[in-house]
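Close look at the chain arrangement
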Amino acid sequence: MILPGTQVAKSATATNAIVIVYTVPSGKTLYLNSCSLNFLASAATVFYLGVRDTADVDQYYIITLTGAVATADTGHSMTFPIPLEIPAGWDIFVRSTTASGTAYGFIHGFEM
C-alpha cells in the first residue's frame, strides 16, 4: 500500500545497546509498512525491533529474535497489509542485549 506523505526508509545497527532507528516528528504520524531485523551472534543474545513512547518506555516489540552460540547472520522481515500507526514523538528502536551480538534493523513507511 502506498500512502501519501513523506516516505521514510531508515536503518540502524546495535551491539549491546539500544539505538534509535527513527523518531516520529512532532505533528506527524508514521505509517509503518514493513520492517526487518537481522543479527549476527557469537553467544546467546536477544534482539529486538520495537516501539517506545515519549517517556522512553517500551510499548511493544515488532520483532524479537534470539541468537545462540555462533549463530550465522539470520533474520526476519514483516510487511503489514494495514500499516502500523506510530504517533509523534515515539521511537522505533533496535536493541542487542550483549556485546556478543549485533542487530541490524530496517523500517519503511510514510509519515503524514
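See the structure printed just above.
Read on for an overview of the structure.

Cut-off values and rules
Residues numbered from 1 in each chain as written. Predicted model: local features only at pLDDT ≥ 70, side-chain atom pairs only at ≥ 80, totals over all residues. Heavy atoms only, no water. Helix = DSSP H or I, 4+ residues; strand = E, 2+ residues; numbered from the N terminus. Buried < 20%, exposed > 50% of the residue type's maximum accessible area, 1.4 Å probe, protein only. Contact = heavy atoms within 4.5 Å. Core = buried A, V, L, I, M, F, W, Y, C linked by side-chain atoms within 4.5 Å.

A closer look at the environment of T6
Positionally, T6 belongs in strand β1 (residues 6-15). Under the relative-accessibility criterion, T6 is labelled partly exposed at 44%. Separated by 104 residues in the primary sequence, T6 and F110 have C-alpha atoms spaced 5.3 Å apart. When neighbours within four sequence positions are excluded, T6 is seen to be in contact with G109, F110 and E111.

Here's the deal with the nonpolar core
Membership of the largest hydrophobic core comes to 24 residues, with the highest contact counts inside it found for L30, L37, L49, I92, V94 and I107. Setting aside chain neighbours within four positions, we find L49 in contact with V21, C35, S36, L37, Y61, I62, I63, I92, F93, V94, G105 and F106.

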